[in-house]
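Residue strings, one per chain:
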Amino acid sequence: MKKIIVFAFTLLSTASFAQFSKGSILLGGTVSADFTTNKTIAGSTTTTNSSTNSFSISPNVGYFVIDNLAVGGALLFGTTSLKYDGSLRSEVGNSLVLQPFGRYYFDRFYAQASIGFGSYKNDDTNGSGVTTTVKGDVFNWSLAGGYVFLLNDHVGLEPQIGYGSQSKSPDRSNITTRDAGLFLRLGIQVYLTK
């Protein structure tokens, strides 16, 4: 029995699925949406300060340079709107980021690293209706892991967890803002095998 378990484990750990073999192509991407509310609690009084809605789509393409290792790129389109409660002030931001990545598969589990370079534009409208536009550069990076649930021989659903950081540097300013933290994503990939 012990020999059968060792043989099965060895077979599973060394198996190279056709989807992840050299020369294959992956096409797909992720979509995310965030809806948050900022509140202040002082004693028994709760005040809502603002609400934020964010949406992003990130199509990607990759190529397996060797078995289990894909390199490629994604194009991240993001938009955010922020509304301050009790005020006519609002903000709308858009960003476009090119993200090269590398992804290595361990059976159906994978690890991925990416970096991104791009630009953003943010329009801040004050209570009097005057809009100030700020443009600048974006830099981001992330490390993630996930699992491929194959729906058929060519399509996989991919939940992903990771950690990432994004920095924004406005033009004509020496101020940089940085957001960092954990994320959960859900993607879909199509594996085109040779």
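Going by the structure above, here's the rest.
These numbers were taken from a predicted model, which means no experiment stands behind them.

Conventions used here
- Residues numbered from 1 in each chain as written.
- Predicted model: local features only at pLDDT ≥ 70, side-chain atom pairs only at ≥ 80, totals over all residues.
- Heavy atoms only, no water.
- Helix = DSSP H or I, 4+ residues; strand = E, 2+ residues; numbered from the N terminus.
- Rg over C-alpha atoms; globule rule 2.2 N^0.38 Å.
- Buried < 20%, exposed > 50% of the residue type's maximum accessible area, 1.4 Å probe, protein only.
- Pairing = 2+ DSSP bridges.
- Contact = heavy atoms within 4.5 Å.
- Core = buried A, V, L, I, M, F, W, Y, C linked by side-chain atoms within 4.5 Å.

J.: Explain the overall build of the protein chain to me, and be specific about the residues and the numbers.
T.: Broken down by element type, the protein chain carries one helix and nine strands. Going from N to C terminus, the protein chain has its helices and strands arranged as α-β-β-β-β-β-β-β-β-β. Its C-alpha atoms give the protein chain a radius of gyration of 21 Å, clearly above 16 Å, the size a compact globule of 194 residues would have. Along the first, second and third principal axes, the C-alpha set of the protein chain runs to 75 × 40 × 30 Å. In the protein chain, buried positions account for 28% of the 194 residues.

J.: Which residues make up the pairing of strand E4 (residues 90-106), and what are the values?
T.: A regular strand carries its side chains on alternate faces of the sheet. When strand E3 (residues 69-84) meets E4, the two strands line up antiparallel, connected through 15 bridges. Residue pairing for E4: threonine 79 is matched across the bridge by asparagine 94. Connecting the antiparallel pair E3 and E4 is a turn made up of five residues, with glycine 86 showing a positive phi of about 70°. Note that E4 and strand E5 (residues 109-125) share 15 bridges and pair antiparallel. Across the sheet, the residue bridging to tyrosine 105 is tyrosine 110, located in E5. Joining the antiparallel neighbours E4 and E5 is a turn of two residues, in which aspartate 107 adopts a positive phi near 60°.

J.: How would you summarise the environment of leucine 192 if you had to cite specific residues and measurements?
T.: Along the chain, leucine 192 falls in strand E9 (residues 177-192). Residue leucine 192 is classed as partly exposed on the basis of its relative accessible area of 40%. For the pair formed by leucine 192 and leucine 26, sequence separation is 166 residues and the distance between their alpha carbons is 6.1 Å. Once residues lying within four places of it in the same chain are set aside, the contact partners of leucine 192 are Ser24, Ile25 and Leu27.

J.: Could you give me a rundown of the pairing of E3, with the residues and numbers involved?
T.: Strand direction decides the pairing type here: strand E2 (residues 45-66) and E3, joined by 14 bridges, are antiparallel. Counted as the bridge partner of serine 50 is tyrosine 84 from E3. With antiparallel pairing between neighbouring strands as the criterion, E2 and E3 make up a hairpin whose turn holds two residues, including asparagine 68 at a positive phi of roughly 75°.

J.: Mind laying out the nonpolar core, listing which residues take part and the relevant values?
T.: Within the largest apolar cluster, nine residues are counted, these being Phe20, Leu26, Phe64, Ala70, Phe101, Tyr105, Tyr110, Val148 and Tyr191. With near-sequence residues (within four places) excluded, leucine 26 lies in contact with Asn60, Val61, Gly62, Phe64, Ala70, Phe101, Tyr105, Gln189, Val190 and Tyr191.

J.: Break down the environment of proline 159 for me, with residues and values.
T.: If you trace the backbone, proline 159 turns up in strand E8 (residues 155-170). Each C-alpha atom, one on proline 159 and one on leucine 186, is 4.5 Å from the other, the two residues being 27 residues apart in sequence. Those residues in contact with proline 159 that sit more than four places away from it in its chain are Tyr110, Gly145, Gly146, Tyr147, Phe149, Arg185 and Leu186.

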